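The residues making up each chain are set out below.
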Amino acid sequence: MGTLCHYALFDLKPAFRLDLEQLAVRYRELARGVHPDRFADAPEREQRQALEQSAALNEAYQTLKSAPRRARYLLAISGHEVPQEITVQDPVFLLQQMQWREELEELQENADIDGIVPFKKRLKAAQASLEDDFAGCWDNPAEHEQAERLMRRMQFLDKLGQEVRQLEERLDD
Amino acid sequence: MAYSEKVIDHYENPRNVGKLDKNDPTVGTGMVGAPACGDVMQLQIKVNDLGVIEDAKFKTYGCGSAIASSSLATEWMKGKTIDEAETIKNTQLAEELALPPVKIHCSVLAEDAIKAAVRDYRQKKGLL
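Just so we're clear, the structure is a prediction, and the values are computed from it rather than from any experiment. (Residues numbered from 1 in each chain as written. Chains lettered and ligands numbered in written order. Predicted model: local features only at pLDDT ≥ 70, side-chain atom pairs only at ≥ 80, totals over all residues. Heavy atoms only, no water.)

## Focus: the UniProt feature "domain: NIF system FeS cluster assembly NifU N-terminal" (unreviewed entry) in chain B
Those places that UniProt annotates as "domain: NIF system FeS cluster assembly NifU N-terminal" (unreviewed entry) correspond, in this numbering, to residues 2-125 of chain B. For residues 2-125 of chain B, the helix share is 44%, the strand share is 21%, and the end-to-end C-alpha distance is 43 Å. (UniProt positions renumbered as here; feature names shortened; annotations may be inferred. Helix = DSSP H or I, 4+ residues; strand = E, 2+ residues; numbered from the N terminus.)

## Let's talk about unusual backbone geometry
Non-glycine residue Ala111(A) carries a positive phi angle of around 45 degrees. Relative to the assigned elements, Ala111(A) resides in the loop between helix H5 (91-109) and helix H6 (113-135). Residue classification places Ala111(A) among the partly exposed residues on the basis of a relative accessible area of 45%. Positive phi is not limited to glycine here, since Asn16(B) has a value of about 60 degrees. (Buried < 20%, exposed > 50% of the residue type's maximum accessible area, 1.4 Å probe, protein only.)

## Some points on the packing of helix H2 (residues 64-77) of chain B against helix H5 (residues 104-124) of chain B
Residue and element names in this part refer to chain B. Axis separation between H2 and H5 bottoms out at 8 Å; the angle between their running directions is 40 degrees. Relative to H5, H2 is oriented oblique. Two packed elements cross with a definite hand, and for H2 against H5 that hand is right-handed. On the side of H2, the interface is formed by Ser65, Ala66, Ser69, Ser70, Ala73 and Met77, while H5 contributes Cys106, Ser107, Ala110 and Ile114. Residues belonging to the contact of H2 with H5 are distributed by class as follows: six nonpolar, four polar and no charged. (Axes fitted to C-alpha atoms, helices over the stretch in contact; angles between N-to-C directions. Parallel < 35°, antiparallel > 145°, perpendicular 65-115°, else oblique. Left-handed = near helix turned anticlockwise from the far one by under 90°. Contact = heavy atoms within 4.5 Å. Nonpolar A, V, L, I, M, F, W, Y, C, P; charged D, E, K, R; others polar.)

## Focus: the nonpolar core
Core analysis: the biggest nonpolar cluster contains 46 residues, and Phe10(A), Phe16(A) and Phe134(A) have the highest contact counts within it. For this core, the secondary-structure elements that each account for two or more residues are helix H1 (6-9), helix H2 (20-33), helix H3 (44-65), helix H4 (67-77), H5, H6 and helix H7 (144-172) of chain A. When residues of this core are assigned to their parent elements, the largest contribution, ten residues, is made by H7(A). Of the domains in this structure, domain 1 (6-65) and domain 2 (91-172) of chain A are the two that each give at least three residues to this core. Every residue in contact with Phe134(A), bar those within four places of it in the chain, is listed here: Phe16(A), Ala71(A), Leu74(A), Leu75(A), Ala147(A), Leu150(A), Met151(A) and Met154(A). In this structure, Val7(B), Leu43(B), Ala117(B) and Tyr121(B) belong to the second largest nonpolar core, which totals 31 residues. (Core = buried A, V, L, I, M, F, W, Y, C linked by side-chain atoms within 4.5 Å. Domains from an automatic or database assignment.)

Here is the structure:
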């Protein structure tokens, strides 16, 4: 089961566009079925199997529910496995990232809670546009370099989103 | 994770933080990023007629090890020729900062930033 494709575990065909709410519902259903508690009295072999299935299911869910992780996984299963740690040279995009980080720093220095709202809006819009672009090109072998570039950009924006959430928490305190 | 004393020193007192004028023909800019951790690093050098790096600045958004690696890189580059600076290896940065294995990629990012800055300078000067 560990070797089964993440999508197959959810009876889905590989695709970038996913209904995340439906995925979450499906995950909870499936997770119940392999929950270790249900196998407390079962033979050891079955217990171990349930544990493995539960871990595989969790890994699949964590991968599919995150846009950058799902994107990287799709590239991998379509024959373009790319390393996790690499250096990206994407000057225009990185310059914009740096500007966004500077803005975020300013919001933090000024404890500008209201300023976070429009910042988040822009981030969301940028993420949506990256995801549209990726959905339109990942399964075209001629465009896999572009697809990887878009996936890397998603990774940066995902991280930026985490920073925004952390800042919100700090300012809420 | 515990940072080494040298990383903490560079993190708390980073050397050469700032920016140089990108449009200055004697300035080379290297902009690199590590997508998995979201780190963004800009390293800039100002080079004189003899090919010696007179000034170096960096701006890094990332973890302590990434900041320390870029800070140390600018320190080492100053006073070197661009040819010498290009030979700085990530392993030297990592050793000096006593980076743990999981943070080696931060020193790789700094080495890549050095190379990108030198390449940008050469491109501007028509040396490539």
